[in-house]
Amino acid sequence: MRATCILLCFFTFLVASSAHPGKKKQYKPCKELVLYFHDIIYNGQNAANATSAIVAAPEGANLTILASQFHFGNIAVFDDPITLDNNLHSPPVGRAQGMYIYDTKNTFTAWLGFSFVLNSTDHHGTINFMGADPIMIKTRDISVVGGTGDFFMHRGIATIATDAFEGEVYFRLRVDIKFYECW
């Protein structure tokens, strides 16, 4: 009797697992959020409104101008305002805090490590991101690796796009966050 039960369970498993051969399971996000962050890099003349600064540069470079050759070797830290729309002057819902490292010699690419620190009526807590940012690609994905508060242990993917830039002083990123693990 027990052997029959085991065989029946095994057969049921095989039928269920082969019902749709080759078909990938489609995951749906448990939570979605779109935010913008605005970065104004210190250039030696804009201390009053700068939200980021170069903290390391290749030997011989200065800390107020990004290095030539794809900014390779520059490291910048930032404390940027986050808004619900693409207007820099909209009320901030939090801060984007972290760093970006220009890490490639033959194209514009950076490595990002940062947190969104949200403190608004709708959201309270942090969302933590990290990953490569091949800047020249229109949209690119980075990992959402965790969070706190309303985003406690959330994980997922953030699709980022450069929404605007003004020379090497200002850029705005649109961040489309999709959480696939929500606690």
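In this report, we go over the structure that sits alongside the text. Not measured: the values here are computed from a predicted model.

## Quick notes on the state of the cysteines
Within this structure, the stated rule accounts for one disulfide. Each sulfur in the disulfide pair Cys 30 and Cys 182 lies 2.0 Å from the other. Handedness of the Cys 30-Cys 182 disulfide follows from its S-S torsion of about 85°: it is right-handed. Note that Cys 30 is positioned in the loop between helix 1 (2–17) and strand 1 (31–40) and Cys 182 in the segment after strand 9 (170–181), a separation of 152 residues in sequence. Exposure remark for Cys 30: the relative accessible area of 42% places this residue in the partly exposed category.

## Some words on the nonpolar core
Counting residues in each nonpolar core, the largest one holds 30 residues, and the members touching the most others are Phe 37, Phe 116, Ile 127, Phe 129 and Ile 177. Of all the secondary structure elements, the ones that give two or more residues to this core are strand 1, strand 3 (75–83), strand 4 (94–102), strand 5 (109–119), strand 6 (124–134), strand 7 (139–147), strand 8 (155–166) and strand 9.

## Remarks on the packing of aromatic side chains
Throughout the structure, instances matching the rule amount to 12 aromatic pairs. For the pair Phe 70 and Phe 108, a centre-to-centre distance of 5.0 Å together with 75° between the ring planes defines the contact as edge-to-face. Here the residue Phe 70 occupies a position in the loop between strand 2 (52–56) and strand 3, and Phe 108 occupies one in the loop between strand 4 and strand 5, the gap between them amounting to 38 residues. Residue classification places Phe 70 among the partly exposed residues on the basis of a relative accessible area of 28%. A relative accessible area of 28% means that Phe 108 is categorised as partly exposed. An aromatic cluster is built from Phe 37, Phe 78, Tyr 100, Tyr 102, Phe 114, Phe 116, Phe 129 and Phe 171, whose rings are joined through pairwise contacts.

## A word on the pairing of strand 7
Bridge analysis of strand 6 against strand 7 gives four bridges, and the strand direction is antiparallel. Directly across from Asn 128, in strand 7, lies its bridge partner Gly 146. Here strand 6 folds back onto strand 7, and the loop between the two strands holds four residues. Of the strand pairs in this sheet, strand 7 and strand 8 are connected by six bridges, and their pairing is antiparallel. Looking at the pairing, Asp 141 lines up with Thr 159 of strand 8.

## Let's talk about the pattern of salt bridges
Counted under the stated rule, the structure contains six salt bridges. A salt bridge links Arg 140 to Asp 133; the shortest N-O distance between them is 2.4 Å. Classification of Asp 133 by relative accessible area gives buried; the value is 5%. One salt-bridge network, held together by shared partners, links Glu 32, Asp 176 and Lys 178.

## Structural notes on a nonpolar patch on the surface
A contiguous nonpolar patch, built from Tyr 27, Ile 157 and Tyr 180 and spanning about 320 Å² of accessible area, is present on the exposed surface. Within the secondary structure, Tyr 27 is located in the loop between helix 1 and strand 1. You can call Tyr 27 exposed: its relative accessible area is 60%.

## Regarding the side chain of His 71
With respect to the secondary-structure elements, His 71 resides in the loop between strand 2 and strand 3. For His 71, a relative accessible area of 6% gives the class buried. Here the side chain of His 71 touches Glu 168 through a polar contact of 3.3 Å, side chain to side chain.

## Topic: the environment of Asn 62
Structurally, the position occupied by Asn 62 is in the loop between strand 2 and strand 3. Using a relative accessible area of 36% as the deciding quantity, one classes Asn 62 as partly exposed. On a C-alpha basis, the gap between Asn 62 and Asn 74 in space is 9.8 Å, while along the polypeptide they are 12 residues apart.

Definitions and cut-offs
- Residues numbered from 1 in each chain as written.
- Predicted model: local features only at pLDDT ≥ 70, side-chain atom pairs only at ≥ 80, totals over all residues.
- Heavy atoms only, no water.
- Disulfide = S-S within 2.5 Å.
- Helix = DSSP H or I, 4+ residues; strand = E, 2+ residues; numbered from the N terminus.
- Buried < 20%, exposed > 50% of the residue type's maximum accessible area, 1.4 Å probe, protein only.
- Core = buried A, V, L, I, M, F, W, Y, C linked by side-chain atoms within 4.5 Å.
- Phe/Tyr/Trp six-rings, centres within 6.5 Å; stacked < 30°, edge-to-face > 60°.
- Pairing = 2+ DSSP bridges.
- Salt bridge = Lys/Arg side-chain N within 4 Å of Asp/Glu carboxyl O.
- Patch = residues over 30% accessible without salt bridge, like charges linked within 9 Å, V, L, I, M, F, W, Y side chains within 5 Å.
- Areas by Shrake-Rupley, 256 points an atom, 1.4 Å probe, with all protein chains shown as cover.
- Polar contact = N/O pair within 3.5 Å; in protein donor to acceptor, adjacent residues only side chain to side chain.

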